[in-house]
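Understanding the architecture of this molecule
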Amino acid sequence: MASEKSKILVVGATGYLGRHVVAASARLGHPTYAFVRDTAPSDPAKAALLKSFTDAGVTLLKGDLYDQASLVTAAKLADVVISTLGSMQLADQTRLIDAIKEAGNVKRFFPSEFGLDVDRTGIVEPGKTILSGKVAIRRATEAAGIPYTYATAGFFAGYALPSVGQVLAHGPPVDKALILGDGNTKAVFVEEGDIGTYTVLAADDPRAENKTLYIKPPANTLSHNELLDLWEKKTGKKAERVYFPEDEVLKKIQESPMPLNIILAIGHAAYVRGEQAGLEIDPAKGADASELFPEVKYTTVDEYLNRFL
């Protein structure tokens, strides 16, 4: 007899990534709760999103991250809590940790991660300071004795692929392609819905408990040069490739305003240091999502780029 699916609570449910986690949870048959500030918003787009949740069988829970009673009430309904809160609320996940501890029934917590492995990154400032908030939440989760999974992914496809991987440009290359480093270091590009799928699959999997889940689909692990080769093959047009050596990239990070300096620091970690694809996984501390769940038919970079033709 198949084991019952865990009840999943998503905090940050209407955010950029949260909506994909909610959709994946419902699609994969989990009783799903979306923690939202307003169950009847006046914003038509937000209202339509919530309707799509309820149409999929999701239960809306009205509450607020800064209302501890509502957090505890929500946590008591769940087996798994997945946080997809944005950067401005990362530090306030301590409130969520407190609520989970008070509720006492949550079997797994996914803090808001989904980027670099913050315990193993050599990201330069200001990225280091920004990511230190995620490190603090990891340590607080562990100190509270809450079983966890830290889901890390590469670049979100919706951010990185419209520019065909360029950090210093907003659209596909026309005459020039701007490349950090030599363009040969492998990076990872993951469609947001697939991040949701792998995350939810890991929620009930004991192989991912108290480990870092590395989401790096093999077909989507490629260098910037390879990504540009793929694009040029599709379009039949070549662009001049302009390479920025590491010292120039570091100078640009120091000279650029927020948030470009942070975006460049992440780009440096991925494209120059190779942190998305190049980290060896220690089986005692981490797991490769593609190896755990080979059955997932993820969206490939090749397929994703067709959206821009």
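For the structure itself, look to the data block above.
Below, the structure is looked at part by part. As the structure is a prediction and not an experimental result, all values here were calculated from the model.

What follows covers the sheet that holds strand β3 (residues 59–62). The strand order across the open sheet formed by 5 strands is β3-β2-β1-β4-β5, and the pairing between neighbours is parallel. Because the sheet does not close on itself, it has two edges, and the strands there are β3 and β5 (108–110). Taking the axes of each pair of neighbouring strands and ignoring which way they run, one obtains an average angle of 20° across the sheet. Of the pairings in the sheet, the one linking strand β4 (residues 80–83) to β5 comprises 3 bridges and is parallel in character. Residue valine 80 lies in a different strand from β5, and its bridge partner there is arginine 108.

As a further point, take the packing of aromatic side chains. Counted according to the given criterion, the structure contains 7 aromatic pairs. Taken together, a centroid distance of 4.2 Å and an interplanar angle of 15° make the contact between tyrosine 148 and tyrosine 150 stacked. One exposure class covers both tyrosine 148 and tyrosine 150, and it is buried. For the pair phenylalanine 156 and tyrosine 159, a centre-to-centre distance of 6.0 Å together with 10° between the ring planes defines the contact as stacked. Since its relative accessible area comes to 16%, phenylalanine 156 is described here as buried. An aromatic cluster of three or more residues is present, and its members are Tyr16, Phe156 and Tyr159. Of note, arginine 307 hangs over the ring of tyrosine 304, and the distance from its end group to the ring centre comes to 3.9 Å.

Analysis parameters
- Residues numbered from 1 in each chain as written.
- Predicted model: local features only at pLDDT ≥ 70, side-chain atom pairs only at ≥ 80, totals over all residues.
- Heavy atoms only, no water.
- Pairing = 2+ DSSP bridges.
- Helix = DSSP H or I, 4+ residues; strand = E, 2+ residues; numbered from the N terminus.
- Axes fitted to C-alpha atoms, helices over the stretch in contact; angles between N-to-C directions.
- Phe/Tyr/Trp six-rings, centres within 6.5 Å; stacked < 30°, edge-to-face > 60°.
- Buried < 20%, exposed > 50% of the residue type's maximum accessible area, 1.4 Å probe, protein only.
- Lys NZ or Arg CZ within 6 Å of the ring centre and 35° of its normal.

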